[in-house]
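Summary of the model geometry
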Amino acid sequence: MTRTPLWQPSDDRIANTRLTQFEERLRKRYPDMAPGYEGLHAWSVAYADRFWENLVDEFGVLGDWSGPVSEDGFPVVGRRFFPQSRINFAENLLARGNPEAVAIIEHREDGRRRIVTFDDLRHKSQALAGALKSVGVGEGDRVAGFVPNGIEAVVGMLAASQLGAVWSSCSPDFGLNGVIDRFGQIEPKVLIAINGYHYNGKVIDTRDRVRNIVDSLPSLARLIRIDNCDDCPWPDDSVGMTWDEAISAEPVCHYTRMPFNAPLYILYSSGTTGVPKCIVHGIGGTLLQHVKEHALHTDVHAGDRVFYYTTCGWMMWNWLVSSLSLGATLVLFDGSPFSPAPEVLWNIAEKEQIRVFGASAKYYAACEKTGLKPRESHNLEALDALLSTGSPLSHESFDYLYRDVKPDVCVSSISGGTDIVACFALGNPNLPVYRGELQCISLGMDVAFVDDDGNPLAEGKGELICRNAFPSMPVGFWNDPENARFEDAYFSRFPGVWAHGDYGELSVHPETATTPAQTGVLIHGRSDATLNPGGVRIGTAEIYRQVEKVDAVLEALAIGQQWEDDVRVVLFVRLRDGVTLDDDLVQTIRQTIRANTTPRHVPARIVQVADIPRTISGKIVELAVRNVLHGEPVKNKDALANPEALRYFENLPELKQ
């Protein structure tokens, strides 16, 4: 059955995208490439080395390029790209912007707005690099940031990477143990930290945490203190140096080009099942993946204003910052997305003429529940693309964005993760948008969905795998010299291919007169949270999509409870203030789920809770709740933003019958 797209790019729009221009040049060189995006994608997988080499040339990526594009003898595990080439990340991020052009626009919840030009950004980062070098920071050393999403975070990352050092950051909303669990493993030489911040109308004092973090990191040679909050002045006897002193140091103007696969970032798994894994990402692989995704899949140009609501503890911050490499302007926001008013992010979108706007799927759902209609209240003429990730964007949220935000915009639900600091499936400015779907599989990535035996599925739900190597595969895990934990995490389920842990399926659209054949993607949630009642696998996102239609429900979480030699679906709901779960509401929820899915999706029990636990980056944690229900320990509560919420799931009488 042919479905009608929600949005279709015009011929003029398609003709002017960077993807079209890149594809046209490739087709002149490689005329045997099959037509359409599917032809381009198939070629990018079959001739991956040519694809990545052409990407480097197309976007003028700076480096000392020599030797092969990738190593022979390694099909996926251990295969490295550009093994003889050298590159510097900061050099590439600062090279494209006009010196007088605005590089960063920063907004904070308390109303502060600051801007820096590319010239300012270059001077600040080179001066900070001088301060770092003066205390011995060099190639491979770690620089850690306990910082909000602001200018200083970007400067810190650029300064570290300029020297060939490794950057790692945590959002200041992490608790003390959560920070130490992360930074304690990587032994940073320098810590950049703030004294406090504003969130949801409150001042959060972080000075005691910073002092305890410093005391817990014997590797530190220097603390650099940022005065981020006037309400929390640093004591006169504070150790370390001030930020102003650091960016007044003698600048380092040379960019240290490192091996293409040398470490750039250390990111962390959520840590809800134990101490977080320290995932090491390489310089060149991160840059090439992000250039591809920003330029080809998001159509970012020099001068475009790009925004994503994120913190420095989520990989979307790393992803966002890379758009500097195309000469784009970053728009940053630190604070609650609903403070000082529910429309604060849309106010910024209007004021700053944001062209690419991104947030979590939960944010868009919350906007609809709040009754926001930016199309009626804001001038969003500049807006060209809406991005969503963190969890699957529901069909209803697609409707909301086109109905109440902007009808002529490319809505791109994207999916990847911290593990690859990039995407497996994402947007495409040349393709139509279908309700509930990710537009396409990422170029250069041989993605498939497979059954339990690893057989590819032309249709139906399965595990997401990637059958080829790609540049942003992690260098490895920190302190995993034999790569044993790394290979166990991604390659043990299906030997020789990357198993990502997502559950989803392909959605094939037949060719029509106006639309080239397209394979879209549906993501149904994490496979480790997949429900299995009666042996039938159900993605939690399939249930959440239906529950979110019920106006009284603000948020939901579903788990599978072991019950009478089987699994039964249990649904927890957080309701609007003043609403109580009664029999009528239970029936409404069940009927809504049953009418739009199958009887197996209907929960055996529905329970009201006051709050639902989530990670610092806002993702709900089904596994932690499942452990509580089954009397198993939650190994690392410090990874949660609201660990106190777990108590609402203990010893529930409704689940004992």
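Our subject is the structure that appears above.
Residues numbered from 1 in each chain as written. Predicted model: local features only at pLDDT ≥ 70, side-chain atom pairs only at ≥ 80, totals over all residues. Heavy atoms only, no water.

1. Some remarks on helix 3 (residues 36–46)
Within helix 3 the residues assigned to the buried category are Tyr37, Gly39, Leu40, His41, Trp43, Ser44 and Val45. Residues of helix 3 that are buried make contact with helix 2 (18–29), helix 4 (48–58), helix 11 (283–297) and strand 21 (440–441). (Buried < 20%, exposed > 50% of the residue type's maximum accessible area, 1.4 Å probe, protein only. Helix = DSSP H or I, 4+ residues; strand = E, 2+ residues; numbered from the N terminus. Contact = heavy atoms within 4.5 Å.)

2. Describing the sheet that holds strand 19 (residues 415–417)
Judged by pairing direction, the sheet is antiparallel, and its three strands sit side by side in the order 19-20-21 without closing on themselves. Edge positions in the sheet fall to strand 19 and strand 21, since each of these pairs with one other strand and no more. Here strand 19 runs beside strand 20 (residues 422–426); their pairing, made up of three bridges, is antiparallel. Across the sheet, residue Gly417 finds its bridge partner in strand 20, namely Ala422. (Pairing = 2+ DSSP bridges.)

3. Quick look at the nonpolar core
Core analysis: the largest hydrophobic core is formed by 121 residues, its most contacted members being Leu128, Val154, Ile192 and Trp498. In terms of residue count, helix 7 (residues 151–162) provides more of this core than any other element does, eight residues in total. The residues touching Leu128, leaving out its near neighbours within four places in the chain, are Val155, Gly156, Ala159, Ile192, Ile224, Trp243, Ala246 and Ile247. (Core = buried A, V, L, I, M, F, W, Y, C linked by side-chain atoms within 4.5 Å.)

4. Observations regarding the sheet that holds strand 16 (residues 356–360)
The strand order 3-2-15-14-16-17-18 describes an open sheet built from seven strands, whose pairing is mixed. Strands at the two margins of the open sheet, each flanked by one partner only, are strand 3 (113–117) and strand 18 (410–413). Mean inter-strand twist for the sheet, computed between neighbouring axes without regard to direction, equals 15 degrees. Here helix 14 (residues 361–370) sits on the sheet and contacts strand 16 and strand 17 (385–389); the angle it forms with strand 16, its principal contact strand, is near 90 degrees. Running over the sheet, helix 16 (residues 395–405) touches strand 17 and strand 18 and is turned about 155 degrees from strand 18. (Axes fitted to C-alpha atoms, helices over the stretch in contact; angles between N-to-C directions.)

5. What to know about the pairing of strand 14 (residues 305–308)
Bridge count between strand 14 and strand 15 (residues 329–334): three bridges; the pairing is parallel. Residue Arg305 lies in a different strand from strand 15, and its bridge partner there is Thr329. After leaving strand 14, the chain enters helix 12 (residues 315–321) and then returns to the sheet as strand 15, a path that is right-handed. Where strand 14 lies against strand 16, three bridges are found, and the strand directions are parallel. Within strand 16, the residue paired with Val306 across the bridge is Val356. (Right-handed = clockwise from strand over helix to strand, strands pointing away.)

6. Here's the deal with the pattern of salt bridges
By the definition in use, this model includes 34 salt bridges. We note a salt bridge from Arg435 to Asp399, for which the minimum N-O separation is 2.8 Å. You can see Arg435 sitting in the loop between strand 20 and strand 21 and its partner Asp399 sitting in helix 16, a full 36 residues away along the chain. A single salt-bridge network, built from bridges that share partners, covers Arg13, Asp299, Asp304, Arg355 and Asp384. (Salt bridge = Lys/Arg side-chain N within 4 Å of Asp/Glu carboxyl O.)

7. Let's talk about unusual backbone geometry
Cis geometry is adopted by the peptide bond preceding Pro340, which originates at Ser339 and carries an omega value of 10 degrees. Position of Pro340 among the secondary structure elements: in the loop between strand 15 and helix 13 (344–351). Its identity is not glycine, yet Gln353 carries a phi of approximately 55 degrees, on the positive side. For Gln353, a relative accessible area of 55% puts it in the exposed group. A positive phi angle, near 50 degrees, is found at Asn651, a position not held by glycine.

8. Details of the environment of Asp304
Secondary-structure assignment places Asp304 in the loop between helix 11 and strand 14. For Asp304 and Leu324, which are 20 residues apart along the polypeptide, the C-alpha to C-alpha distance reads 9.9 Å. Once residues lying within four places of it in the same chain are set aside, the contact partners of Asp304 are Asp299, Ala328, Thr329 and Arg355.

9. Quick look at the environment of Ser388
Note on placement: Ser388 falls in strand 17. Taking C-alpha positions, Ser388 is 7.9 Å from Val411, a pair spaced 23 residues apart along the chain. Not counting chain neighbours up to four residues away, the residues in contact with Ser388 comprise Tyr308, Ala359, Ser360, Ala361, Tyr364, Leu393, Ser412, Ser413 and Ile414. There is a polar contact of 3.4 Å between the side chain of Ser388 and the backbone nitrogen of Ala361. (Polar contact = N/O pair within 3.5 Å; in protein donor to acceptor, adjacent residues only side chain to side chain.)

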